[in-house]
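The primary structure of each chain is shown beneath.
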Amino acid sequence: MVRLLAHTGVILLPLAAGAAWAQVPDGWFEFPIAIPAAGSVVDVSALNTRPAGASGFVTVRDGVLVDGRGERIRFVGTNLTFADAFPDRELAPEIARRMAALGINVVRFHHLDNQYRPRGIWDPDYPDFQHMDAEQLDRLDWMIYQLREHGIYTNLNLHVSRWFNEADGFPNREARPHYDKGLDNFEPRMIELQQDYARDLLTHVNPYTGNAYVDEPCVAFVEITNEDSALRYALGDELYRLPEPYDALLRGLWVDWLRERYADTEALQVAWDEGSEPLGEEILRNRDFADGTAEWVLEAPPPAQGLLEVVDDPEHGRVMHAQLTQVGLQPWHFQVHQVGHTIEDGRLYTVSFLAKAEPARRISVNVRYDVADWRMVGLNESVALTPEWQRFSFTFRAREPLPEHTRLSFNNMNVVGDVWYADISLRPGGTLGLPEGESLEAGTVTLPPHSATAQAQADWYAFVMELERRYTLGMYRFLKDELGLHALVTNTQATYGGVGGILRESRMDWLDVHAYWEHPRFPGRPWDGNNWNIPNTPMTAALGRDRLTSLSGYRFAGKPYTVSEYNHPAPNDYRAECMPMLGAWAALQDWDGVYQFCYGAHPDDWATSAITGYFQMVGDPAKVAMFPVAANLLRRGDVAPAAGELTLRLPEARVAELVRDDGRGMAGLWGEVGVTPEMALSNRLAVAWSDDDEVTLDGRPVSADGQVRWSAAEDDGGVFIVDTERTKVVLGPIAGRTVDLAGVRFEIGETSNGYAAIALTSMDGLALAESGRMLLVAMNRVENQGMGWDEERTTVGRGWGRGPAIAEGVPVTVTLTEREGLSAWALDVEGQRGASAQMDGGALRLGPQHRTVWYEIATQ
């Protein structure tokens, strides 16, 4: 996840009268989903081998994960975070039992290092973040032991959110990157303290297993640091605004790196310079504001409120004043821009302006399309504004502009307050190269901006990747050689840094990534529970814009691949699609493991009946009920790996250039060789290095075999289908439709939003045509009672309502076309048989009257 400033739980607040349901509406029912009863049809704990690691350590063979017997092992997991990782002693066995029953066989321990006891691992008797608390460590040991006994492996995260303070010897905490990410890749003492913590934790002997964690087979994975990449911050602006003494440290390392590659300043200047052109005629209209705000546009769509005016300034005459009085829904909902310009591809241009702000803030200035897809065409820089006037100037080379559709934009970052601009200019010409007065001998070469010359940018990214390489390999060797760690090690998520991230992580034991569909957005203060929103749309309708096809492009050939954080966060109406899509896609692409983020609970309510926040699965039937389906799809292998394999071969020697040209993503490189997102339905995707200079593709695309189908939104609204011998899944706007699959027909009735999520899976391992015990899940919307939706249904603010959660019943007739002599039961919240459901031959007719989201079908 992106940084978390507090527990991911949300306090359930009473809702203003009349703001939402006064009572459970018709067609809905309370469903406080609970721990699956042992032996019930929803209990898939038999998939786990107990205890975890009984046969030895998880290792890598032929590019996949294998257990101690050498047999392929795939993982379906979840995350325990903050205080949830340290449950009371009597609760731990029940938590482990519930996880196993749902098909979970790995737990990732996350945010252990964020706080003092009781919400973290640190001892509150010390002011620093270096002393582990004995009580918390015992709770962690007991939890890991209970998981082991239920066949559940452990993934230990080392650095997630420890943010060193003055007591640790690090000044300027608030000015440093959150949790010191990026900075901790090269600050020597931070690295030393990371190693100290790893030593303290991993060499500690768990008294319940009798093993130190370096020697514990149930500890399958160790992640060095979470979502942490100096390269990612180099692609943004965080490394450009480090406070002292860290800025001086980075600049010193940068100059040292340059001195190893260039003989002197003259050689550097020759390599970096791209020429100079005299400044030409002004391109902007009404740049002196003689006609007021004419030609200038304020973008602050509702609910944002702002104004744009021209005022007199005693120092600079007529200046433009932009004010925001209420924040908008997006970080870019406070912009000033001028559109409709033409600039020439490959030519130099210079943007200059005066600006100040109250309160101080960072803004971005960019030159981009003024129509979709709004791409940058050469300039995208970030600057820090203060209440005092400052002059800024940037020269850039235009890259593929669109005639008559170039826009100069100032993004004021959706912060309430005032910004003033004067003397704004966009002119052809300028000098692009080593800035005047900078010297390699004097050590005054500054960090190159994003608009620097191609060679300067390539050097900058190559330098930062070298910092990452030293850090990553140094930590890896420390864990493996000095501590003797048996567990597999990765550094951080491969998506952090684009191609450079893949290069960094390809040196590790396996690669890992994260993704969220419609993660909540916080347009004002980060993690402000009063001010957030989601688009609230289904991912089934977003093939090509989805998360799964994009993640496919980061797998590295010959290395295991996992997704250790994934979610379609609440209160998205369509989140029942999350687990079946994730399980099916991971199996199709032959990934090694997936984790839902996060299990989540309040320490005093581990069996909550309410949806308690964006990410938690506890109390959320939309997530819990689909977990056994996901486990069957991936762990049991109900979806076979795609028949085709396409390998994107990238020139390893040119990675810095690829980072420069393609930024943070991989989509452009896959598109360059003609691979579309739809091809991932029938072809496993992977990346590999080559010694060539060009980007090439190995393999020939094959046609889909039909086991996983995903239609485009423009065809039928976007429907996701799994059609295999043992599991059938239908997700999307299928209300009022009949869906025929091999041996099974679904006739879906109407729902409140036209959407439904239906899954049928064999629970005895036989094909559905023969199975004597099957689980059927039928769902649509799930929410708390009294949830306070806004009119657009994009936020509930803090009005999360109260439990127990309620679910909308889905009317559907399910026909097993080749079966007779079947019986069916509606299942209660524990998965136990309740009332019989109507069977007519092989047809099961169900709906809201059964007051459940899952059913058992069995032979008589």
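Our structure is the block above this text.
Numbering of residues starts from 1 in each chain and follows the order in which that chain's sequence is written. For a predicted model such as this one, the threshold for reporting local features is a pLDDT of at least 70, and the threshold for listing and counting side-chain atom pairs is 80 or more; totals across whole chains, interfaces and linings nevertheless cover every residue. With hydrogens and water stripped out, all remaining heavy atoms of the structure feed into the side-chain values.

> Even after reading the chapter, I still don't get a negative patch on the surface, so can you show me in this structure?
Patch construction takes residues with relative accessible area above 30% that form no salt bridge. Like charges are linked within 9 Å, and nonpolar side chains (Val, Leu, Ile, Met, Phe, Trp, Tyr) are linked within 5 Å. Residue exposure ignores everything except the shown protein chains as possible cover, and the areas themselves are Shrake-Rupley values with a 1.4 Å probe. Take a side-chain nitrogen of Lys or Arg and a carboxyl oxygen of Asp or Glu: if they are within 4 Å of each other, that pair is a salt bridge. Positive charges come from Lys and Arg alone, negative charges from Asp and Glu alone, with His and the N- and C-terminal ends not counted. The location of each charge is read from NZ of Lys, CZ of Arg, CG of Asp or CD of Glu. On the surface, Glu652, Glu672, Asp691, Asp692, Asp693 and Glu694 cluster together into a negatively charged patch. Helix and strand definitions here come from DSSP, where helices need a minimum of 4 consecutive H or I residues and strands a minimum of 2 consecutive E residues; each element is numbered from the N-terminal end. Mapped onto the secondary structure, Glu694 falls in the loop between strand E27 (683–690) and strand E28 (696–698). Accessibility here uses a 1.4 Å probe with only protein chains present; expressed as a share of the type maximum, an area under 20% marks a residue as buried, one over 50% as exposed, and anything in between as partly exposed. Take Glu694: its relative accessible area is 52%, and that puts it in the exposed class.

> Which parts of the structure should I look at to understand the pairing of strand E38 (residues 812–816)?
Along any regular strand, the residues point their side chains to alternate faces of the sheet. Of all five residues in E38, five are buried, a share of seventy percent or more. Burial along E38 is two-sided: Val812, Val814 and Leu816 facing one way and Thr813 and Thr815 facing the other are all buried. Sheet analysis places strand E33 (residues 744–748) next to E38, joined by five bridges and oriented antiparallel. Bridged to Arg745 within E38 is Thr815. Bridge analysis of E38 against strand E42 (residues 843–846) gives four bridges, and the strand direction is antiparallel. Counterpart to Val812 in the pairing with E42 is Leu846. One bridge is not enough; two strands pair if DSSP finds at least two bridges between them.

> Would you mind showing me how to read the pairing of strand E37 (residues 802–808) here?
Most of E37 sits inside the fold, with five of its seven residues counted as buried. Here strand E1 (residues 28–30) pairs with E37 via three bridges, running antiparallel. Residue pairing for E37: Trp28 is matched across the bridge by Glu808. Where strand E36 (residues 782–785) and E37 come together, three bridges link them in antiparallel fashion. Among the inter-strand pairings, Val782 is bridged to a residue of E37, identified as Ala807.

> Help me out: how do you make sense of the state of the cysteines in this one?
What is meant by a disulfide is a covalent connection between two cysteines, made through their sulfur atoms. Cysteine sulfur atoms that come within 2.5 Å of each other are treated as a disulfide pair. Applying the stated criterion to the full structure yields zero disulfides. Here Cys578 stays unpaired: no disulfide links it, and the sulfur of Cys598, its closest cysteine neighbor, is 12 Å away. Since its relative accessible area comes to 0%, Cys578 is described here as buried.

> Even after reading the chapter, I still don't get helix H6 (residues 265–272), so can you show me in this structure?
Since there are 3.6 residues in each turn of an α-helix, residues three or four apart along the chain are aligned in direction. Every buried residue belonging to H6 is among Thr265, Leu268 and Trp272, and all of these are buried. Buried residues of H6, seen end-on, are gathered within an arc of 60° and therefore sit on one face of the element. Every exposed residue of H6 that faces more than 90 degrees away from the buried side is listed here: Glu266 and Val270. The contact definition used throughout considers only heavy atoms, calling two residues in contact when any of these lie within 4.5 Å. Where H6 is buried, its residues meet helix H5 (246–261) and helix H7 (454–482). Directions drawn from the helix axis to the C-beta atoms are what define this arc.

> I keep staring at the packing of helix H10 (residues 578–588) against helix H12 (residues 627–634) and nothing clicks. Help me out?
For any two helices packed against each other, the geometry comes down to the angle between their axes and how far apart the axes lie. Throughout, an axis means a line fitted to C-alpha atoms (over the contacting stretch in the case of helices), and angles, computed between N-to-C directions, take values from 0 to 180 degrees. Between H10 and H12, whose axes approach to 8 Å, the crossing angle comes to 5°. In terms of orientation, H10 and H12 fall into the roughly parallel class. Contacts between H10 and H12 pair Met579, Pro580, Gly583, Ala584, Ala586 and Ala587 from the former with Phe627, Ala630, Leu633 and Leu634 from the latter. Grouping the amino acids of the contact of H10 with H12 by side-chain chemistry returns nine nonpolar, one polar and no charged. Should an angle lie under 35 degrees it is considered roughly parallel, over 145 roughly antiparallel, and from 65 to 115 roughly perpendicular; all remaining angles are considered oblique. Polar here means any residue other than Ala, Val, Leu, Ile, Met, Phe, Trp, Tyr, Cys and Pro, which are nonpolar, and Asp, Glu, Lys and Arg, which are charged; Gly is therefore polar.

> Would you mind going over helix H13 (residues 655–662) with me for this structure?
Every buried residue of H13 is accounted for by Val655, Ala656, Leu658 and Val659. Each buried residue of H13 sits inside an arc of 160° when the element is viewed along its axis, so together they form one side. As for H13, its buried residues are in contact with helix H4 (230–235), H7, helix H8 (499–505), strand E26 (644–651), helix H14 (667–672) and E27. Two residues or fewer after H13 comes Gly663, characterised by a positive phi angle close to 65°.

> When you look at the pattern of salt bridges in this model, what are you seeing that I'm missing?
Opposite charge on two side chains makes pairing possible when the charged atoms of those side chains draw close. The final tally for this structure, using the stated rule, is 54 salt bridges. Put simply, Arg261 and Glu260 hold a salt bridge, and the shortest N to O gap is 3.2 Å. Residue Arg261 is classed as partly exposed on the basis of its relative accessible area, which comes to 42%. Put simply, Glu466 and Arg469 hold a salt bridge, and the shortest N to O gap is 2.9 Å. Of this pair, Glu466 and Arg469 both sit in helix H7, three residues apart, which is roughly one turn of that helix.

> Please explain unusual backbone geometry as it appears in this structure.
What you tend to see is this: most non-glycine residues have negative phi, and most peptide bonds are trans. Cis geometry is adopted by the peptide bond preceding Pro51, which originates at Arg50 and carries an omega value of -15°. Note the cis peptide between Phe597 and Cys598, where omega equals 0°. A positive phi is found at Asn536, a non-glycine position, where the angle reads about 65°. Locating Asn536 in the fold gives a position in the loop between strand E23 (511–516) and helix H9 (548–552). Take Asn536: its relative accessible area is 9%, and that puts it in the buried class.

> I keep staring at the packing of helix H3 (residues 188–202) against H7 and nothing clicks. Help me out?
One way to put it is that H3 packs onto H7 with a least axis distance of 11 Å and a crossing angle of 30°. The angle between the axes of H3 and H7 places the two elements in the roughly parallel class. Of the two elements, H3 crosses H7, and the hand of that crossing is right-handed. Judged by residue contacts, Ile191, Gln194, Gln195, Ala198, Arg199 and Leu202 of H3 engage Tyr471, Gly474, Met475, Phe478, Leu479 and Glu482 from H7. For the contact of H3 with H7, a count of residues per class yields seven nonpolar, three polar and two charged. By convention, the crossing between two helices is left-handed when the near helix turns anticlockwise from the far helix through less than a right angle, and right-handed when the turn is clockwise.

> What am I meant to see in the environment of Thr817 here?
Within the fold, Thr817 resides in the loop between E38 and strand E39 (822–827). In this structure, the C-alpha to C-alpha distance between Thr817 and Val853, residues 36 residues apart in sequence, is 22 Å. Non-local contacts of Thr817, meaning those with residues more than four positions away in its chain, are made with Gly743, Val744 and Arg745.

> For this particular structure, what's the right way to read the environment of Pro651?
With respect to the helices and strands, Pro651 occurs in strand E26. You can call Pro651 buried: its relative accessible area is 0%. With 462 residues separating them along the chain, Pro651 and Arg189 place their C-alpha atoms 35 Å apart.

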